[in-house]
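Here are the chains, one letter per residue:
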Amino acid sequence: MSMRLLVLGLLMEGNKHPYEIRQTIKARNWNETFKLRDGSLYYAVDQLREDGLVEAAEVVPVPGENRPDKTIFRITDAGREAFIKLVYQQFEQSSYPQHPVFMALPFVRHLEPETIVPLIEKQIASCETRLARLRAIFELKAPYIPAGSAMFIRGCIQFSETELNWLNETLAEARSGKLFEGPKWSAEQIEAFRKEMGF
């Protein structure tokens, strides 16, 4: 997710300090789906400020020695225009399936099966936990949140259900040993196929 879009979108709702933005993300359970680092959040706010898309609305002194003042930010007119453009850009992006295991699977045949099965089981447990939380969140919040937010959570649930099915299939292939089989074609067959396909 674009951190710039996230910050601008939340500032469209009202002025906030970066800490409040982070707390809003957690309160809305967006951290269940996106990996958001505090450093990248503060960096995004700094960049948006430099670009004139957000500005200080208020500076609140914080009691205590050596404590920095608390800057509350608001979105500017240029920020509103940028926000609208970012929303449209987000809708226009194509999706590519991404899962941490994807990049490792083509090379799994070089590893010991007994070391891989527990790792897949761990992925399944993580997915099941996330799915249970998302379902509970949806049941609790769906009647009260904006329709777009409800659809967002439903999408996360459906993606997670598909992920869980795929992980269970991967585990079955690993337990049967099929996941660790090597190529079925000889080098000559592969070369002939490449020539035939023109690559």
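Here, the structure is the one placed above.
These remarks concern the structure in this document.

Parameters at a glance
Residues numbered from 1 in each chain as written. Predicted model: local features only at pLDDT ≥ 70, side-chain atom pairs only at ≥ 80, totals over all residues. Heavy atoms only, no water. Helix = DSSP H or I, 4+ residues; strand = E, 2+ residues; numbered from the N terminus. Contact = heavy atoms within 4.5 Å. Areas by Shrake-Rupley, 256 points an atom, 1.4 Å probe, with all protein chains shown as cover. Lys, Arg positive; Asp, Glu negative; His and termini not counted. Charge placed at Lys NZ, Arg CZ, Asp CG, Glu CD. 1 Å grid on protein atoms, 1.4 Å probe; cavity = no way out; pocket = protein on both sides within 12 Å on 5 of 7 lines; lining within 4 Å. Points joined across faces, edges and corners; volume = space filled by probe spheres on them. Nonpolar A, V, L, I, M, F, W, Y, C, P; charged D, E, K, R; others polar. Core = buried A, V, L, I, M, F, W, Y, C linked by side-chain atoms within 4.5 Å. Buried < 20%, exposed > 50% of the residue type's maximum accessible area, 1.4 Å probe, protein only. Salt bridge = Lys/Arg side-chain N within 4 Å of Asp/Glu carboxyl O. Polar contact = N/O pair within 3.5 Å; in protein donor to acceptor, adjacent residues only side chain to side chain. Phe/Tyr/Trp six-rings, centres within 6.5 Å; stacked < 30°, edge-to-face > 60°.

### Focus: the overall build of the protein chain
Here's step 1: A count of helical and extended segments in the protein chain gives seven helices and two strands.
Here's step 2: Start at the N end of the protein chain and walk to the C end: the helices and strands fall as α-α-α-β-β-α-α-α-α.
Here's step 3: With respect to the three principal axes, the spread of C-alpha positions in the protein chain is 70 × 40 × 40 Å.
Here's step 4: Residue pairs in contact within the protein chain that sit at least 24 positions apart in sequence constitute 63% of those at least 6 positions apart.
Here's step 5: Carbon and sulfur atoms make up 55% of the accessible area of the protein chain, which totals about 13800 Å².
Here's step 6: A gap of 2 Å separates the mean positions of the 25 positive and 27 negative side-chain charges of the protein chain.

### Re the layout of surface pockets
Here's step 1: As a volume, the second largest pocket reaches approximately 180 Å³.
Here's step 2: Every residue along the wall of the second largest pocket is listed here: Pro-100, Val-101, Ala-104, Leu-105, Phe-107, Val-108, Leu-111, Ile-116, Leu-119, Ile-120 and Gln-123.
Here's step 3: Looking at the lining of the second largest pocket residue by residue, the class counts come to 10 nonpolar, one polar and no charged.

### Let's talk about the nonpolar core
Here's step 1: If you look at the biggest cluster of nonpolar residues, it comprises 21 residues, and the most contacted ones within it are Val-7, Leu-8, Leu-11 and Ile-21.
Here's step 2: Only helix 1 (3–12), helix 2 (18–27), helix 3 (38–50), strand 2 (70–75) and helix 4 (77–92) provide two or more residues apiece to this core.
Here's step 3: When residues in this core are grouped by element, the largest group, seven residues, is from helix 1.
Here's step 4: Residue contacts for Leu-8: discarding those within four places in its chain leaves Leu-48, Leu-53, Val-54, Ile-75, Gly-79, Ala-82, Phe-83 and Leu-86.
Here's step 5: Formed by 18 residues, the second largest nonpolar core is a distinct cluster that contains Val-117, Ile-120, Cys-127 and Phe-180.

### Side note on the side chain of Lys-16
Here's step 1: Among the secondary structure elements, Lys-16 is positioned in the loop between helix 1 and helix 2.
Here's step 2: Summary of buried charges: Lys-16 has no salt-bridge partner, and the nearest side chain of opposite charge, Glu-13, is 4.3 Å away.
Here's step 3: At 3.5 Å, the side chain of Lys-16 and the backbone oxygen of Gly-14 are in polar contact.
Here's step 4: Dropping the residues within four chain positions of it, Lys-16 is found in contact with Leu-10, Leu-11, Ile-21, Thr-24, Ile-72 and Phe-73.

### Remarks on the packing of aromatic side chains
Here's step 1: In this structure the tally under the stated criterion is one aromatic pair.
Here's step 2: Ring centres of Phe-102 and Trp-166 lie 5.0 Å apart, and the angle between their planes is 85°; on these two criteria the pair is classed as edge-to-face. Of this pair, Phe-102 sits in the loop between helix 4 and helix 5 (113–141) while Trp-166 sits in helix 6 (residues 147–176), and the two are 64 residues apart along the sequence.
Here's step 3: For Phe-102, a relative accessible area of 33% puts it in the partly exposed group.

### As for empty space enclosed by the protein
Here's step 1: Scanning the entire structure with this criterion turns up one cavity of 30 Å³ or more.
Here's step 2: The volume enclosed by the largest cavity comes to roughly 30 Å³.
Here's step 3: Residue lining of the largest cavity: Arg-28, Asn-29, Thr-33, Leu-134, Ile-137, Phe-152, Ile-153 and Cys-156, and that is the complete set.
Here's step 4: Elements with a minimum of two residues in the lining of the largest cavity: helix 5 and helix 6.
Here's step 5: Top contributing element to the lining of the largest cavity by residue count: helix 6, with three residues.
Here's step 6: Among the residues making up the lining of the largest cavity, the classes are represented as five nonpolar, two polar and one charged.

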